[in-house]
Amino acid sequence: MRPIAITLFALVVLLSGALSYAQADPIRVGSKQFTESIVLAKLIGYALEDVGFTIDDRTPLGGTDVNRSALVNAEIDVYPEYTGTALGLFFPDVELPEGLTRDAEASYDYLLEHDLERDRLLWLAPAPANNTYGFAVRRAFAEEHGLTTMEDFAEYVNAGGEVMMATGDEFAQRPDGIAAFEELYGFELADEALLIIAAGTPAQTLQALDQGANDTNVAMTFATEGAVVAYDFVVLTDPRGAQPIFNPTPVFRVEVIDANPEIPAILNPIFEGLTNEVLQELNARVDVDGESPDAVARSYLEEHGFLN
Amino acid sequence: MPVNRVAVLGSLIAGLSLFFLPLVELKPNRLASGIPFFLLQFEGDVRYLALFVLALLPLVVALRRADVVRGALLAGLGNALLFLTLYLPAVAGEVLLADAAAWLGEGVRLSNPRLLPSAGLALGLFGAYTVLYGGLRDLVVAGAPRSLRVAAAWGGLLLVVLAALSGRFDVYSVVVEFQARGQQLAQRTVEHVMFVAVALSIGLVLGVGLGLWAHRDRRASPVILYLVGIIQTVPSLALFGVLLVPLARLGDQLATSVALALVASLALAAAALALYRTIGQRLRGAARQVVLLLVTVSAAVPVALFTVVVASFSFRVSLLAFTSAAPALANLRSAMLVALIAAVGLQLAVRRQRVDTARRSLARAAWVGWGALAVTLVVALVTASQLFLARVESAATLTVRDLGVSGIGPAPAVIALTLYSLLPLVRNTYAGLTNVDPAVIDSGRGMGMSAPQRFMQIELPLALPVIMAGVRNASVALVGIAAIATVIGAGGLGDFILGGIINTSIDQILLGAIPAVLLAVLLDAVLRATEQLLVSPGIRVSGEAAPS
Amino acid sequence: MIEFEGVVKDFPGGVRAVDALDLTVEKGEISVLIGPSGCGKTTSMRLVNRLIPLTSGRITVDGRDNLEFAPEELRRKIGYAIQQIGLFPHMTVGQNVAVVPRLLGWEEQRVRQRVDGLLELVGLDPDVQRDVYPRQLSGGQQQRVGVARALGADPPIMLMDEPFGAVDPITRAVLQDEFLQIQATIAKTVLFVTHDIDEAIKMGDRIAVMRTGRLVQYATPDELLAQPVDDFVRAFVGGDRHLKRLGLVRVRDVMAEPDERTPELDGEAVLEHTSVRDALSVLVGRGFDATPVVDAQGRLCGVITLNGLRAAVRRAARERASEERASEERAAEGEA
């Protein structure tokens, strides 16, 4: 009987000690595992911390599905998500309106309405940056062949130009990946022209391009990838819109905003200033210069007067 | 022993790789690749060639006759080579970094340029260590004094650590990375250690229990061993996915209702067991199986629930105990450190002491030291629990999430790690107990030991070496698996490793991998020392007590 | 004293290992259970301290039914030594010997004295061997420790299952002699199991021959050798049973007074306490029919001859036959 009594006593002591404290719930911030998502989450965290919230930093949390389940199951309160990603993955059994994903405003409105209705999630103001997939080439290569847009690239391919493209497997195989570009711009890449890196990230495909592995001369990339700056590559523009719009946006559980209605007014101005160029620079400072995401996020907020 | 072949091999490896392979790569920034540099490309003076000469000197020494002098010379050369292979390129690197812009040319983003150690340097270190190892072997064979052996084994490493602390290695890319992200390194390392420690402690209780059950119950043993084997084959990512939703749901529940459910389930198990005891003999076939299954399930569910809560809670609390900045905990940590150092010191002194009475009082003092360590640890954990539960307003609103159970984060990681630790622990406990000589158990029985006495005094001590081998297996494996915890946001050194893979930053990978390797080695050494303390010299495999 | 009364042991599957065993081990005597493998000798022994439960019948230990005691309590009163020795390898020699005293809760001081005393008794040096581990000892030393451990709490009764089985013949002989010497002073009631007839003859005050769970003959060694009850026992004790009997008799008991010719007998003399069997061996190897006998100091004290030996054996047989007749007559009178 003695061990039980001791255990009970310990529990009582623990609980009574516990009850003597008590403080407000922290805001739990998650992120995906790549640099941009981490930096965005840190921006959210430091901005809120500055006005007195307690922050529980859960970055990096995992892939898209882990973050989404965590948010839906109230394991975290917020994480930055991309509009295009959400439309592509979270509504598998819904027929989305034609052309929705290529229209930034319509995409956002759709998510604002339906994610609130279905999962009680609130999308705050999106950033103007569009972190879409794209094609990157070396600057010398672009200059030699006069490449700036995907139209130029299609012309180069159709004229019989050599291509070896480093890409992740998903981008190579999904209908809204390389295939969407091929259809819209009218060119075709043979299987032999693809160097597929399983689960490859832009950092990895760009590294392959930099090292010229297997004569790689094109690489899959994100438009805002910091490594593009490091390697001095050129990202070909997508004037016809082959890709969905990927605007990064803080997504909150609506209960959190209901309880703290001042949050949108704090975060919206910050996100509105995040253009492709800004994100590329922030990403580069982490990936290329080797600064920590915390230092980069804090100094950005300070320099732009978001911290008091 | 004629020629010291080990030293010759090390010397050749070091000499050839230092001379023919690039030592470092000058990188303009964290990502972009840079320019390789060979030993002969280092500008300045001839001192860099000394490295090459030093690498080949062991060839001459290794031909001497085997004695303490040869061992000392080889160990000295190995240590010098170990240090200089890191030090000289760093000195040359400072010059290179100063001229980085000129070397790398236009068009690259030159920010935080750094030196990535290349193949030549890595193989050079390996060769240096091989020479050192050859020397140490000579010293051991020749029966050199202990102090000389210790100095020979650790001297070079000490120089490296001192140079690193004084900032001489700041040019190397891992150090640059450390300076940018190092603030998190301590926290991540503590998380990693806590993952392993908590999972191992709980796994030990469960694993030894299951192993004992498998040993006692012939019918259960294949089922138990099969099940823990199956767990091992589930990929950790899948396991995290499986755990996410139920743990999140469990987290939402009120602690009081879960406790009630727990008690109810245990009562059901007890009732079913009582039923089985009374009418079980008369039941046949299927009915009997059903009752047995009912007992097992209704007993297993609360055990599993309880384990989940205990594992999650202990992880959060022990992490807090070792990282919280609260002054009470900081003081307790200092006290723990003092107690640990005192206890280890006394324990070492016990071994040296030859006089019987002095030895006994030293041993008693050492136990007091260990006791003090245990007490401060418990106090720290209690204090940390209070801190952790500080947010809870009342026992009535206490949810399981407040106890640390959640669908993402440390809870599923600790639970998954606990499950992964089971196979080596269960298997080794089972094997250890099963392999105890039946004659020994029979004489214990014949001398009038009760079953618990036989277990504690005979079976457990005799199975201990095998069980401890399982503990070491499990712990080293866990250090590796814990790196996956980052994918559910649980932290740990995996943050650096996986982040580095995603970002193709070798420096970031190394920042996580090097501490993980050191951790595994250290843990193994600590567990070996524990084994030395716990296992009787009479059955130690490599003890001093050899048959006479 | 140990008494078996109608003891039966059935194992699951209907194997009857011990069948209606009646046997009494007298106080202070060594009774040896012997028989071929599977005859039930070890099973019978393990029934005594309830290492296995009996099926029916009764076993009393010093007059009390062994079911009256809790098994652990019973076992701590009975010394137990087995063939594989079963020393605890993780305990020092001293700790091994101290197991039962510690189980009985003796004071440390008393345990220490007892351990040292026992180690000396079995011919080990406490200061050298008390704190070493079993694997540092030779096989013979380990067996000694096994005996010392069985004697740990000075139990009145001992069970010994081939305790000297695991050593070479020379060491075994030494250990047997030593144990007999010890037994001469401590006089324990011993139930001793072996499959070696020579060991049984040497160690036993009485020998119980068992076959398929039944007791075939229970007699003193000399009686067993002189008058095996059936062909099984005769075959079991061996064709050299008369020679073995000679092994039980000492030269001094059958020698003749030396006469004037005795000193002229050249060559090796035999010691007076040599067994007659060994003396016979000497006689057979010599050119003469007689050889001198000397005492421990080497003084001539007798002479033995081949004819003398034969006569002595015959005389012994006659004496026993008359003894038996007398005892039968007494039994008949008792009945009447």
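**Student:** Just checking my understanding: could you explain the pairing of strand β2 (residues 15–25) of chain C for this structure?
**Tutor:** Each regular strand shows side chains that alternate between the opposite faces of the sheet. All names here are of chain C. Two elements, strand β1 (residues 2–11) and β2, share seven bridges in a ladder whose sense is antiparallel. Its bridge partner being in β2, Phe11 is matched across the sheet by Val15. In sequence, β1 turns back onto β2 through a hairpin of three residues, with Gly13 there showing a positive phi of about 100°.

**Student:** Mind showing me how you'd approach the sheet that holds strand β7 (residues 157–161) of chain C here?
**Tutor:** For sheets, the rule is that strands pair by backbone hydrogen bonds, running either parallel or antiparallel. Residues and elements named next belong to chain C. Strand order in the open sheet made by the six strands is β6-β7-β8-β3-β9-β10, with mixed pairing throughout. Each of the sheet's edge strands pairs with one partner strand only, and the pair in question is β6 (78–82) and β10 (214–219). Sheet twist, expressed as the mean angle between neighbouring strand axes with direction ignored, is 15°. In this sheet, β10 lies alongside strand β9 (residues 206–211) in antiparallel orientation, the contact comprising five bridges. Paired with Ala208 across the strands is Tyr218, a residue of β10. Packing of helix α1 (residues 41–48) onto the sheet brings it into contact with β3 (30–34), β6, β7, β8 (189–194) and β9, and relative to β8 it is tilted by some 150°. Along the sheet face, helix α7 (residues 139–150) touches β6 and β7 and points at about 165° away from the line of β6.

**Student:** For this particular structure, what's the right way to read helix α9 (residues 178–185) of chain A?
**Tutor:** The α-helix winds at 3.6 residues per turn, so residues separated by three or four positions along the chain end up facing the same way. Residues and elements named next belong to chain A. Turning to α9, its buried residues number three or more, namely Ile178, Ala180, Phe181, Glu182 and Tyr185. Residues of α9 that are buried sit in contact with β5 (133–138), α7 (150–158), β6 (165–168), α8 (169–173) and β7 (194–197). Following α9 by one or two positions, Gly186 adopts a phi angle in the positive range, close to 75°.

**Student:** Is there a simple way to think about the interface of chain A and chain B in this case?
**Tutor:** A common way to state how big an interface is: give the accessible area lost once the parts meet. With 52 residues of chain A in contact, the opposing surface of chain B contributes 46 residues. Counting each side, the surface lost to burial between chain A and chain B is near 3,800 Å², with a carbon and sulfur contribution of 52%. Along the contact surface separating chain A from chain B lie two salt bridges. Across the pair Glu75 of chain A and Arg401 of chain B runs a salt bridge whose closest N-O atoms are separated by 3.3 Å. For the side of chain A that touches chain B, the elements supplying multiple residues, two or more each, are α1 (2–20), α2 (35–50), α3 (64–72), α10 (202–211), α11 (227–231), α14 (276–287) and α15 (293–303) of chain A. Here the element with the most residues in the side of chain A that touches chain B is α1 of chain A; it accounts for six residues.

**Student:** Looking at this structure, I do not really get the packing of helix α1 (residues 5–20) of chain B against helix α5 (residues 119–141) of chain B. What am I missing?
**Tutor:** Helices that pack against each other are described as a pair by the angle of their axes relative to one another and the distance between those axes. Residues and elements named next belong to chain B. Where α1 contacts α5, the axes come no closer than 7 Å and their chain directions differ by 160°. Taken together, α1 and α5 sit at an angle that is classed as roughly antiparallel. Our pair here, α1 against α5, has a crossing hand that is left-handed. Side by side, α1 and α5 meet where Val6, Ala7, Gly10, Ser11, Ile13, Ala14, Ser17 and Leu18 of the first sit next to Gly120, Leu123, Gly124, Phe126, Gly127, Ala128, Thr130, Val131, Tyr133, Gly134 and Arg137 of the second. When grouped by side-chain class, the residues that make up the contact of α1 with α5 number ten nonpolar, eight polar and one charged.

Conventions and cut-offs
Residues numbered from 1 in each chain as written. Chains lettered and ligands numbered in written order. Predicted model: local features only at pLDDT ≥ 70, side-chain atom pairs only at ≥ 80, totals over all residues. Heavy atoms only, no water. Pairing = 2+ DSSP bridges. Helix = DSSP H or I, 4+ residues; strand = E, 2+ residues; numbered from the N terminus. Axes fitted to C-alpha atoms, helices over the stretch in contact; angles between N-to-C directions. Contact = heavy atoms within 4.5 Å. Buried < 20%, exposed > 50% of the residue type's maximum accessible area, 1.4 Å probe, protein only. Buried area = accessible area lost by both parts, 1.4 Å probe. Salt bridge = Lys/Arg side-chain N within 4 Å of Asp/Glu carboxyl O. Parallel < 35°, antiparallel > 145°, perpendicular 65-115°, else oblique. Left-handed = near helix turned anticlockwise from the far one by under 90°. Nonpolar A, V, L, I, M, F, W, Y, C, P; charged D, E, K, R; others polar.

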